Structure formats: structure tokens, C-alpha cells
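One letter stands for each residue in the lines below.
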2 protein chains.
Amino acid sequence: MKLATLKDGTRDGQLMVVSRDLKTAQLADGVARTLQKALDDWTFIAPQLEQLYQDLNQGRARRGFDFESKHCMAPLPRAFQWADGSAYVNHVELVRKARGAELPQSFWEEPLMYQGGGDNLLGPTDDIALFHDQWGIDFEAEVAVITDDVPMGATPDQAHQRIRLLMLVNDVSLRNLIPEELAKGFGFVQSKPASSFSPVAVTPDELGDAWKGGKVHLPLLSTWNDKLVGKPQAGVDMTFNFPQLIAHLAKSRNVRAGSIIGSGTVSNKDAKRGYSCIAEQRAREMIAGGEPVTPFMAFGDTIRIEMLNGDGKSVFGAIEQAVTQAEARKVF
Amino acid sequence: MKLATLKDGTRDGQLMVVSRDLKTAQLADGVARTLQKALDDWTFIAPQLEQLYQDLNQGRARRGFDFESKHCMAPLPRAFQWADGSAYVNHVELVRKARGAELPQSFWEEPLMYQGGGDNLLGPTDDIALFHDQWGIDFEAEVAVITDDVPMGATPDQAHQRIRLLMLVNDVSLRNLIPEELAKGFGFVQSKPASSFSPVAVTPDELGDAWKGGKVHLPLLSTWNDKLVGKPQAGVDMTFNFPQLIAHLAKSRNVRAGSIIGSGTVSNKDAKRGYSCIAEQRAREMIAGGEPVTPFMAFGDTIRIEMLNGDGKSVFGAIEQAVTQAEARKVF
């Protein structure tokens, strides 16, 4: 099934089911007010949502309405855990190579992962509002899963069974803040502002054969200022699959329902597939010609991120954002 | 006022108000079911909680009962943002010195901070259950604040006004997992398992004169296996105050209501004040004698963390935990 969250003025929005073709939706308020509430009690709630979903797809919804991405918050507008892996090691290798750094062998055996803040996740059409474009604003197109409870020490096989939903992420990065921040050794804080999510989250069965081996075998399209710049296959060159990423996170902690785990920038070795973040293109330019040519994003730029299934249909709807200059405000 | 969360079998527990002397409590179910709900609408909810608190302190509570820490979850059992600073740079300097690393000058000017997961915060008497004590289990006694909404770009002065509650934290660390993890450059994930919190969170006014300049001017007591090992003054040698830590986090993001920001291990330059984490003691031993002597925690060890006010009364109640060996489980 497909789920989304309606902007209703509250912090967590209102859960709704969305038809498979993304054309209609129906509030799930009789079943669960929010997606977190559904995830908190998934075994009980999911079958009820599934029923609404069947009704909607068969045109039997009593209160259906036109679905529009612009009325969506992130499927999970606030998350208690947002951890992002770097599962496409090709991306990491390219970026490091461009700055003359070797890739340690361990990077092929042990996932890289950072934990971010889940208090302010952006919806699919929310602006990427930042103070300065000199910060080096970059998109990062990724796939992410939402888990049920995963006990500490879970194996990848056990973790696999606890994946409830999938969605797309734009893990916005501030490239010019990263070197100084990583040099301090504690990971990203300021260089990873709020991330944005696709309008719709889907259960793994929606992907059919494209969900295999804990990976999504579909192309991820990134369109920057109306130009298609990337269409890598998300199932190719993914060194660590989602179950492995979750197990990595769960090594020394329980991972609780509603945790979001991202794949990291989707990246194929085949350069013809383009790029899912500008840093990677700049790295290729650096390696080829000694200096980066493509600039980072400027105010007014747009980014569209979408994944199409075998029939060319959008699976999750599109992230469609503009980069804008933020104004300082004193209170919300 | 003083607030706590009763273990009631739900994921977020039931909010209650606790008397100033920590002897009695009353459910706040008529006002707000959870602390997050209170924080989501603080201006409206806080005065109602304050009224309950006044009634309780004056012996006029209609449904008062004995307050017991062991029935508490963390005040905020799930948080959408949990970011921990290293505001006591003395601690960082000692640990680095012990391994022969210089402290960059920038560490005195720009806070170190990492983001952790808020999905599984432990209550004050919950076990620290881990698979292996060879991981180098250590406590870290800290102070933390819970914020209201803080807009991106907030100044320290603005951030100061958005601090709603204070509490204590045991930011458990797995010292033997840290070197390898930090070497990868993305910060802590596996080396920072679930953190634990004091039974009670208090509004800044409860601290009276001890809340000054964005710091808590009271001693923080750490008692390891019934032996007092640390009593540093939390207001001394705190290089970055809480408003500065919050402003650091808010540089490129909105920080939303219910965000927890920790101080990092409380540490005084005066070695007679003892230590708030074993790593610091081992660092001092290393510097003095060339090798660490004090071992990390073993299964069966206990740790008690508490803060006393000028009258010798407990402000937040005590974190009182045992380290136990976890058993693998398949599902929750």
C-alpha cells in the first residue's frame, strides 16, 4: 500500500492512504491519526489501512479526493531516529579520490553511517531555505526505509523482516561546511540541514520484483533545473543492502518503530548513469581535469527526485523543491 | 516545576508533575498525556501544569501518590532530536592528551557536537544491557536541556529564551568501539548506545540562582559501585553554555520543540573534583604513569548520578543503573 501525510497545520499531520496510481487519496483518520501511530502498532493497524487502500484502488472509497504532492508533509514528518548510510561505496570512493584520499579497505566491509535529527523533516515540495548559498548547497538523492522495532543485535535477515515502508530522500548537504566539521571528528551537524522526503511511502510489496535482496532495483531520476542529471540503478553498486544497514545501526542498541534508515547517495560506477549529487560530478571533473566545473546549487534552483517502476509509473511521487534564501525569524 | 513520565506500558508513558521535594506526584492526564504533547504547545499547557504543581506542593493534590524513580521512564522517552555537545573542553583535552593528540585551537571557539538517536531513551533505573563488556562500557554524567522551537539562525540569547526544561543524562559510551568508528570520519553510531535520563526534568526557575549565564552552578555527583568518584561543579570550566550549544545546532536548521541538547561529560580542571566518566580518569592515569589503571565497567556494576542543590537536596532525582549482560531477542 501507499501512505502519505496531509498538511493539516499540526506537527505530525494526518495519515492518508494514496491510490497505487497516485491520483486519489483518503484520510485514514478512523484508523490512525499519524504514521507514527500506525508504526507503533503496525500488526494491528496495517491490515485496516490495507483495507482502505483496496477500497481506494477499486474506486470504492467513500471519502476519496484528488491526491496532490504539494499538500503533503514528509510521510513521517518527525522521526525518533534518522540514520543515513553510505551504501554506495562508489560515491565515497569518488569523492575521496578527488581530494587525494585513499579509500580504506574497511569501507567495503563495514558501512559508513551518520545519525541526523528527525525533528524537522521536510515535505516533498517544501523549500530548501538556507541563509547562504556560499555554504555549497547540494542535493543527495537516496532511498530510505522505515522500520518497525528491531531488537539490538538483530541479524540482517531479522532486520529484513522489520522493514515496513520505503520512500525517497533528498539528504541536502552543505558541502563547504563539511571539511571543517568532519575534521573535528564527530561527524555532521551543521553540514546536514533538514532532509526532505517523497510524498508517498510504500510497503515493500508495492515494488514487486524490484524489491529483491534488500535493495530496490529501479532507476532513481534526479532532475536539476529541468535537466535530467542522474538515472542510476538503485539496485546496482549498492555495497550494503538495507538489512545490513539496519543491523549495523542495531549492533549496540534497540532500533524502535518509525526509525528511518537512508541508503546514502545512489551512485553507479557507470558514469553514463549521471549523478545523484553535485559533489560526485565535481569529483569526476576534478579527477578528469584537475578542477571542479559544475557549481553547487544557487538560490532559485530546483531539484526533482523521482523513481519510476518498470511501467514508467512514479512509485513514490516526486520530491520537487526550490532552493530559497531564508530570512532570520525570532520565533515560530 | 518538576515533571516526570510514568511507565504505563505505552511507548511515551504518562506525564506527571512531581513535588519539589520529589516525595509525591500527580498524573497530568487531564492536561497533557505526554511530555512531547506539553512541549508541542508549551505556552498553553505549561500554566496548567504549573497549577497542578502548586497544588501538589501545597498538599492540595486530589490524586497525589508517592513518587518513585523506579516507575519512571525518561522524562521524554522518545525525542525527535538528541544532540550532545562537548562543552567541557577540559575533558576533550585530557582524553586527547592521553593518546598523544594535540587539541586544535578551534575546539575552544567552536563546540564539538554529535547527533544521536532519540528512539530508545532509557529511564533512570533501567538496566544498561549490552552484549559484551569488552566493548569498554563507560558512563558519562551530563546535564541536558529540552528546548521549545528554536528557529534556524537563532542567536545564543534567543536560544536561551527557548530552554524549557533541564535534566541529567548518562550518555553511555563504548570506549573500545570509538577509535575505529571515529577513524571512519562520520562520528559515533555503534559506540554510543542508548542514553539514560534522570527521573525528573525541571524548569529553569527551579534552579534559582544556580541557573546563571546559561549554565547550572551545582555539583554533579557520580557514584560508581557505591563509591563517590566525581563531584565536579557543572558551572565551572564549561567553555560553551547551553544557549551557545543550541545556537550551534540551529545554525543551518530549525530545532523543534522537544529537542534534547546535552552538555557533554561534566569535567573540572581541578583533578580533586574527580571524574564524570572513566575515560577521563584513565586519561589522567595515562598522562601520569604511562598506562591506564582503572578498568571500564563490568557486568554487575552500578552507577548513580545525581545533582544536589545548595541545601543538599536532590534536584532531578537520581539516575541509578546496573550494567547487565543482554540476551539476543528476536522481536519485542
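Quantities reported herein were computed from a predicted structural model and do not represent experimental measurements. (Residues numbered from 1 in each chain as written. Chains lettered and ligands numbered in written order. Predicted model: local features only at pLDDT ≥ 70, side-chain atom pairs only at ≥ 80, totals over all residues. Heavy atoms only, no water.)

1. Regarding the overall build of chain A
- The helix and strand tally for chain A stands at seven helices and 21 strands.
- A globule of 332 residues ought to have a C-alpha radius of gyration of about 20 Å, and chain A, at 19 Å, matches this closely.
- The principal-axis extents of the C-alpha atoms in chain A amount to approximately 60 × 45 × 45 Å.
- Looking at chain A as a whole, 61% of its 332 residues qualify as buried.
- Considering only contacts within chain A whose residues lie at least 6 apart along the sequence, 74% involve residues at least 24 apart.
- About 12,400 Å² of surface is accessible on chain A, with carbon and sulfur atoms providing 48% of the total.
- Both charge centroids of chain A, one from 36 positive and one from 42 negative side chains, sit 1 Å from each other. (Helix = DSSP H or I, 4+ residues; strand = E, 2+ residues; numbered from the N terminus. Rg over C-alpha atoms; globule rule 2.2 N^0.38 Å. Buried < 20%, exposed > 50% of the residue type's maximum accessible area, 1.4 Å probe, protein only. Contact = heavy atoms within 4.5 Å. Areas by Shrake-Rupley, 256 points an atom, 1.4 Å probe, with all protein chains shown as cover. Lys, Arg positive; Asp, Glu negative; His and termini not counted. Charge placed at Lys NZ, Arg CZ, Asp CG, Glu CD.)

2. Observations regarding the pairing of strand β11 (residues 163–170) of chain B
Residue and element names in this part refer to chain B.
- By the criterion of burial, β11 is predominantly enclosed, with eight of the eight residues buried.
- Bridging between strand β10 (residues 141–147) and β11 involves seven bridges; their strand directions are antiparallel. Residue pairing across strands places V145 opposite L166, the latter belonging to β11.
- Both β11 and strand β13 (residues 196–197) contribute to a ladder of two bridges, which runs antiparallel. Its bridge partner being in β13, N170 is matched across the sheet by S196. (Pairing = 2+ DSSP bridges.)

3. Quick look at the sheet that holds strand β8 (residues 128–130) of chain B
Residues and elements named next belong to chain B.
- Strand order in the open sheet formed by five strands is β8-β21-β20-β17-β18, with mixed pairing between adjacent strands. The sheet terminates laterally at β8 and β18 (227–230), the two strands that pair on one side only. The mean inter-strand angle of the sheet, taken between neighbouring strand axes irrespective of direction, is 25°.
- Where strand β17 (residues 220–224) lies against β18, three bridges are found, and the strand directions are antiparallel. Each bridged residue has a counterpart across the sheet, and for W224 the counterpart in β18 is K227. (Axes fitted to C-alpha atoms, helices over the stretch in contact; angles between N-to-C directions.)

4. Some points on the UniProt feature "domain: Fumarylacetoacetase N-terminal" (unreviewed entry) in chain A
- When the UniProt feature table is mapped onto this chain numbering, "domain: Fumarylacetoacetase N-terminal" (unreviewed entry) sits at residues 1–78 of chain A.
- In the segment residues 1–78 of chain A, helix accounts for 28% and strand for 23%; the C-alpha atoms at its two ends are 21 Å apart. (UniProt positions renumbered as here; feature names shortened; annotations may be inferred.)

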